[in-house]
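Chain by chain, the residues run as shown.
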Amino acid sequence: MNLDLHVNGRDHHLPDVPVWESLLSVLRDRLALYGAKNACEQGECGSCSVMLDDEVVCSCLVMAGQATGRRVRTVEGLEQDRVCAQVRRSMVEKGGVQCGFCTPGFVVAGTGILAADPDADDETIREGLAGNLCRCTGYTKILEAMADARETLHEDAS
Amino acid sequence: MTVLSTASRPGGIGTSPVRPDGDLKVRGLFAFSSDLSAPEMLWGHTVRSPHAHARVEHVDISRARAADGVVAVLTAADVPGRNGFGLVVDDQPVLAGDVVRYIGEAVALVAAETPEAARRAAALVDVVYTELDPVGTVEEALDPRTPPLHPDGNLVRAIDIRRGDPSRHAADVVVTGSYTVGMQDQAPLGTESGLAIPREDGGVQLLVNSQWIHADRNQLAAVLDLPPAKIDVTLAGVGGAFGAREDITLHAHLCLLALASGRPVKMVYSREESFVGHVHRHPAVLRYEHGARADGTLLYVRCAIDLDGGAYASTSWAVVSNAAAFAVGPYVCDDVEITSRVVYTNNPPCGAMRGFGAVQAAIGHEAQMDRLADALGMDPVELRLRNVLEEGDLLPTGQPIRGVVPARRILEELRDLVGVPPLDPAAGLLEMPGGVGNVTHGEGIRRGVGYGIGFKAGGMPEGIRDYATARVRLLPVRDGSEVRVVAQVQTAAAEIGQGLSTVVVQIVRSELGVADVVALPVDTSLGSAGSSSASRQTYMTGGAVQAACRALREELIERAHESFGHRAGSLLEHGHEALLRDGGLYAEDALVAPLTALVGEEGLEAVRRFDHRPTTPYGVDGQGEPHLQFIFAGHRAVADVDTETGLTRLVRLDVVQDVGKAIHPVAVEGQMQGGTAQGVGLALMEEIQVERGRIRNASFTDYLIPTVLDLPPMTTTILEIPDPEAPYGVKGAGEPATISSTPAVVSALRRATGRDLFHVPVRPWDLIAELDGLDERGEQ
Ligand code: FES
Ligand code: FES
């Protein structure tokens, strides 16, 4: 099928995409956007998280065709996003990054949480990140990073 | 001679600068081995055996070869060199020849224009098998009637360690137990992946995720029948490792396909393929007998450990040795009898995983200490303290522990932790086992507090000549009209997420007083750094970087003497402290020379190799000094169990670990927290289910690893008791927390339920009183 996608502010016209191809495959293998990762391709790990309109989804579970007419933002497309920029800074500064394979997924999910609710409490953040697996950090520093991002965004806003 | 001191510096050792790769990683721009591509690139796929044990009668590739988009199809006949690989013995075929020994063994390879074409063509490779009886257990493997799976028989290695004589004691209390440990997967989030690019000179470049690129290259040279110089292995971004990337997996396959097709070839394993594509933690049976005096003094320990190594040897040879050496745990005992064996079966191959044999051993020895404490009516921490290893004590190998042993401190810190909240019957659902599943309202919930301590060796054991290499350069760079000196550091050490690329930069900053330090890409153009395993890289590669820096410092002082003559000489006279800082060489507070003048136009470089002090092989009765250094950690766990459903919830987890010197404290905490989480996984949920050689749960849907909701608040306490023989006093930090976390969690469950718990991971039905006897394999 022919696929029209709006990704990171740009329109893409892709001919000959099999109907069963996931949004994740299209992003990675056709658009060379490697920010979304592929740790399970079964919806279990969150490493493929992207924003579909304002919702965080596992792009491995979204058929590429389902994303037509919607705004797709990958971690690369959140480069200028104020909340995302702070989540990224906090992740690096607080040691929330080790191998980094899970990281783009956490950054997108974390951005989604704080964009939806800048006052998200620790428990809300924890639950919001429950769909993202990390094998390296034991999550403690990721949670610290998220709390730090929330506080810093508040300070910047006031 | 002049003493150059290593001062504390911004971004130097002991501080926690941000990772150099952190920014790229959070922006999604860091190139993992799965994110690579090249013009004209093909995709590879592997044809794997559906049988645990079978003769390969015939492989017909004609249908696959004729399929759309297929460029190459390869079988064992196409391997130009030695069709075998392995870290210790090369017993595993790159592509199976006449026999397959496990489900998932590689039989053929396809390269095609798209991943889909490669997958489809792989299904068209026709392999005719004749099934053979699979060997499923250690007992079967060692039964003399079982035909051997490999020429030298089914026993890969057995270690006997004997000291003193357990039979000379009449103990007041004897505790026996038989414990089983399931097969754990490293489950790094990045699956196996890479890109091989043929070179014009007939060689090949491989970009891959790895723990040890030089070992990869050596094995590839034999398989491809190429001189090592024609093989360039470059470390691509590694999405975690934990032991799974010590062996080669798709490395040779990629190179074979690239050389056969003359085009770049990429492969990325799916999660399912990853489960069969790499080695696992050895499942174990541990049989123990502990004898003690009524006052708690340990009199003797007998221990027999059986490990299932699966179809190929991988690092079994060393894992079995670790299990034996650390079988007693960090306790003094003069009369010990330890036997540890590992065998070939037709199960998935097992090899390295974080903690490497000591993990299984700790599950056994800590269960025994808990149960011994119960039998004696003693507090479990007091029992451990009564028997804990101290300076000068001998291990079961007869090796003395040199220097201050941190085990007592760790236990005391754990004992003195405060903050076990009492069980709150009015707690919300979220704070109960099962959470919002609404399975309990608190009636059957019991809270337990458990402790675990463990240790292992850091570095390569048994007389292996292990070394690491580093190159450090000082270079002038022109910044407008300014010239300043920057440093580069190059090693072949695999950055696998642990933060080594930060550590080497920190060392250069501290040693050379240069703020601007870049770690160069990791490839095989420099000498080996050894493996990023055995908690050894900060010690070994850190040591090599330190040595290279110190060679440069000597050269700088030399040049200062030559070029600045009498003035420098008088400033740098005996005993005067010289210091590199702020872009200059200082003596006391006086500037001797600016670094730019000393370094010159050309720059300055030093390459150094670092060797640790030699260790010895095991001698008679397993006696010797096989280990380099000893690394310890301990945990306290607080857990709730719903005794009606067997559901659990961790309430708190606290870890204390000695790292000698924390080069990067935040990264050390990260190792402790991440290691702890993997131990929690093994305690509560992680087990590869193998049925007649087949992995039944090869997905993250069926093989669960801890999520953020499975882990409780955690405190980390870092002890810094230096190892006088190691650079900066460092001790390996990567593994210890994985060793003690599992037994501590199991111990808490034991306290909560009063049940002995003989299998790890603990399953819900093990925790339910009414299901007594079901599937319990231990002796009471
Ligand atoms: S790759 Fe999409 S959830 Fe794991
Ligand atoms: S940092 Fe490696 S998986 Fe999260």
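### Quick notes on the overall build of chain A
Here is step 1 of the chain: Check the secondary structure of chain A and you find 5 helices and 5 strands.
Here is step 2 of the chain: The linear arrangement of helices and strands in chain A, starting from the amino end, is β-β-α-β-β-β-α-α-α-α.
Here is step 3 of the chain: Whereas a compact globule of 158 residues would reach a radius of gyration of roughly 15 Å, chain A reaches 15 Å, a difference of no more than 12%.
Here is step 4 of the chain: When the backbone C-alpha atoms are referred to their principal axes, chain A occupies close to 45 × 35 × 20 Å.
Here is step 5 of the chain: Counting only residues that meet the buried cut, chain A has 61% of its 158 residues in that class.
Here is step 6 of the chain: Put simply, of all contacts in chain A between residues at least 6 apart along the chain, 55% involve residues at least 24 apart.
Here is step 7 of the chain: Entry remark: accessible area of chain A is about 6100 Å², with carbon and sulfur atoms responsible for 46%.

### With respect to the overall build of chain B
Here is step 1 of the chain: Counting secondary structure elements, chain B contains 16 helices and 30 strands.
Here is step 2 of the chain: Against the globule reference of 28 Å for 780 residues, chain B gives a C-alpha radius of gyration of 27 Å, in line with a compact fold.
Here is step 3 of the chain: Among the 780 residues that make up chain B, the fraction classed as buried is 62%.
Here is step 4 of the chain: In chain B, once contacts between residues fewer than 6 apart in sequence are set aside, the share between residues at least 24 apart is 79%.
Here is step 5 of the chain: Accessible area for chain B stands at about 27000 Å²; split by element, carbon and sulfur atoms hold 51% of it.
Here is step 6 of the chain: Positive and negative side-chain charges of chain B, numbering 68 and 101 respectively, have mean locations separated by a distance of 2 Å.

### Concerning the sheet that holds strand β19 (residues 482-491) of chain B
Residues and elements named next belong to chain B.
Here is step 1 of the chain: Sheet architecture is open: 4 strands sit in the order β20-β19-β18-β24, paired in mixed fashion. Every other strand in the sheet has two partners, leaving β20 (517-519) and β24 (604-611) as the edge strands with one partner each. Sheet twist, expressed as the average angle between the axes of neighbouring strands with direction ignored, equals 20°.
Here is step 2 of the chain: In this structure, strand β18 (residues 467-479) lies alongside β24, joined through 8 bridges in antiparallel fashion. Residue pairing across strands places Y467 opposite D611, the latter belonging to β24.
Here is step 3 of the chain: In the packing of helix α12 (residues 500-512) onto the sheet, the strands contacted are β18, β19 and β20, and the crossing angle to β20 comes to about 150°.

### A short note on the nonpolar core
Here is step 1 of the chain: Ranked by internal contacts, the top residues of the largest apolar core, which has 136 residues, are M91(A), L129(A) and F700(B).
Here is step 2 of the chain: The dominant element in this core, judged by the number of residues it contributes, is helix α9 (residues 358-376) of chain B, at 10 residues.
Here is step 3 of the chain: Ignoring anything within four residues of it in the chain, the contact list for L129(A) reads F106(A), A109(A), G110(A), I113(A), I142(A), L143(A), M146(A) and V708(B).
Here is step 4 of the chain: With 86 residues, the next largest nonpolar core counts A492(B), A544(B), F610(B) and V730(B) among its residues.

### Remarks on the domain arrangement of chain B
Residues and elements named next belong to chain B.
Here is step 1 of the chain: The domain boundaries assigned to chain B delineate domain 1 (22-29 + 467-611), domain 2 (33-133 + 186-277) and domain 3 (405-412 + 421-461 + 621-780).
Here is step 2 of the chain: For domain 1 versus domain 3, the separation of C-alpha centres amounts to 40 Å.
Here is step 3 of the chain: Residue-level contacts link 17 residues of domain 1 with 23 residues of domain 3.
Here is step 4 of the chain: Of the roughly 1400 Å² buried at the junction of domain 1 and domain 3 (both faces included), carbon and sulfur atoms supply 64%.

### Brief notes about the environment of L430(B)
Here is step 1 of the chain: Position of L430(B) relative to the elements: it lies in the loop between α11 (407-415) and β17 (445-458).
Here is step 2 of the chain: Look at L430(B) and you get partly exposed, because its relative accessible area is 46%.

### Observations regarding the side chain of H150(B)
Residue and element names in this part refer to chain B.
Here is step 1 of the chain: Secondary-structure assignment places H150 in the loop between α4 (138-142) and β8 (155-163).
Here is step 2 of the chain: H150 sits in the buried class, given a relative accessible area of 7%.
Here is step 3 of the chain: A polar atom in the side chain of H150 sits 2.7 Å from the backbone oxygen of A311.
Here is step 4 of the chain: Not counting residues within four places of it along the chain, the set of residues in contact with H150 comprises D91, R101, A311, Y312 and Y344.

### Re the domain arrangement of chain A
Accessible area lost on assembly of the parts is the figure often given for the size of an interface.
Residues and elements named next belong to chain A.
Here is step 1 of the chain: Segmentation of chain A into domains returns domain 1 (3-75) and domain 2 (81-157).
Here is step 2 of the chain: With centres defined by C-alpha atoms, the gap from domain 1 to domain 2 works out at 22 Å.
Here is step 3 of the chain: On the side of domain 2, 12 residues touch domain 1, which itself brings 14 residues to the contact.
Here is step 4 of the chain: Between domain 1 and domain 2, roughly 1000 Å² of surface is buried when both sides are summed, and carbon and sulfur atoms account for 70% of that area.
Here is step 5 of the chain: There are 0 salt bridges connecting domain 1 and domain 2.
Here is step 6 of the chain: Linking domain 1 with domain 2 are 3 residue pairs in polar contact (both at pLDDT 80 or more), by the criterion used here.
Here is step 7 of the chain: If one sorts the elements of the side of domain 1 that touches domain 2 by residue count, strand β3 (residues 49-52) sits on top with 3 residues.
Here is step 8 of the chain: Considering only residue class, the side of domain 1 that touches domain 2 consists of 6 nonpolar, 5 polar and 3 charged.

### Re the sheet that holds strand β29 (residues 714-719) of chain B
All names here are of chain B.
Here is step 1 of the chain: An order of β17-β25-β26-β29 is seen for the 4 strands of this open sheet, with the pairing classed as mixed. Two strands lie at the open edges of the sheet, namely β17 and β29, each paired on one side alone. Neighbour to neighbour, the strand axes of the sheet diverge by 15° on average, direction disregarded.
Here is step 2 of the chain: Bridge count for β17 against strand β25 (residues 629-642) is 14 bridges, and the pairing is antiparallel. The residue bridging R447 from the neighbouring strand is D640, located in β25.

### As for the pairing of strand β3 (residues 54-60) of chain B
Consecutive residues of a regular strand have side chains that alternate between opposite faces of the sheet.
Residue and element names in this part refer to chain B.
Here is step 1 of the chain: For β3 and strand β5 (residues 99-100), the ladder comprises 2 bridges, and the chain directions are antiparallel. Note on β5: the bridge partner recorded for R55 is V99.
Here is step 2 of the chain: Pairing between β3 and strand β7 (residues 126-131): 6 bridges, direction antiparallel. Paired with D60 across the strands is D126, a residue of β7.

### What about α11(B)?
Residue and element names in this part refer to chain B.
Here is step 1 of the chain: Within α11, the full set of buried residues consists of A407, I410, L411 and L414. Mapping the buried residues of α11 onto a view down its axis gives an arc of 95°, with all of them on the same face.
Here is step 2 of the chain: Residues of α11 that are buried make contact with α10 (380-387), β17, β25, β26 (648-658) and β29.

### A look at the side chain of Q186(B)
Here is step 1 of the chain: Relative to the helices and strands, Q186(B) is located in the loop between β9 (173-181) and β10 (193-198).
Here is step 2 of the chain: Here A352(B) takes part through its backbone oxygen, which lies 2.7 Å from a polar atom of the side chain of Q186(B).
Here is step 3 of the chain: Residues in contact with Q186(B), not counting those within four places in the same chain, are R135(A), A241(B), F242(B), G243(B), A244(B), H278(B), V279(B), H280(B), A352(B) and M353(B).

Rules of the game
- Residues numbered from 1 in each chain as written.
- Chains lettered and ligands numbered in written order.
- Predicted model: local features only at pLDDT ≥ 70, side-chain atom pairs only at ≥ 80, totals over all residues.
- Heavy atoms only, no water.
- Helix = DSSP H or I, 4+ residues; strand = E, 2+ residues; numbered from the N terminus.
- Rg over C-alpha atoms; globule rule 2.2 N^0.38 Å.
- Buried < 20%, exposed > 50% of the residue type's maximum accessible area, 1.4 Å probe, protein only.
- Contact = heavy atoms within 4.5 Å.
- Areas by Shrake-Rupley, 256 points an atom, 1.4 Å probe, with all protein chains shown as cover.
- Lys, Arg positive; Asp, Glu negative; His and termini not counted.
- Charge placed at Lys NZ, Arg CZ, Asp CG, Glu CD.
- Pairing = 2+ DSSP bridges.
- Axes fitted to C-alpha atoms, helices over the stretch in contact; angles between N-to-C directions.
- Core = buried A, V, L, I, M, F, W, Y, C linked by side-chain atoms within 4.5 Å.
- Domains from an automatic or database assignment.
- Buried area = accessible area lost by both parts, 1.4 Å probe.
- Polar contact = N/O pair within 3.5 Å; in protein donor to acceptor, adjacent residues only side chain to side chain.
- Salt bridge = Lys/Arg side-chain N within 4 Å of Asp/Glu carboxyl O.
- Nonpolar A, V, L, I, M, F, W, Y, C, P; charged D, E, K, R; others polar.
- Arc of directions from axis to C-beta.

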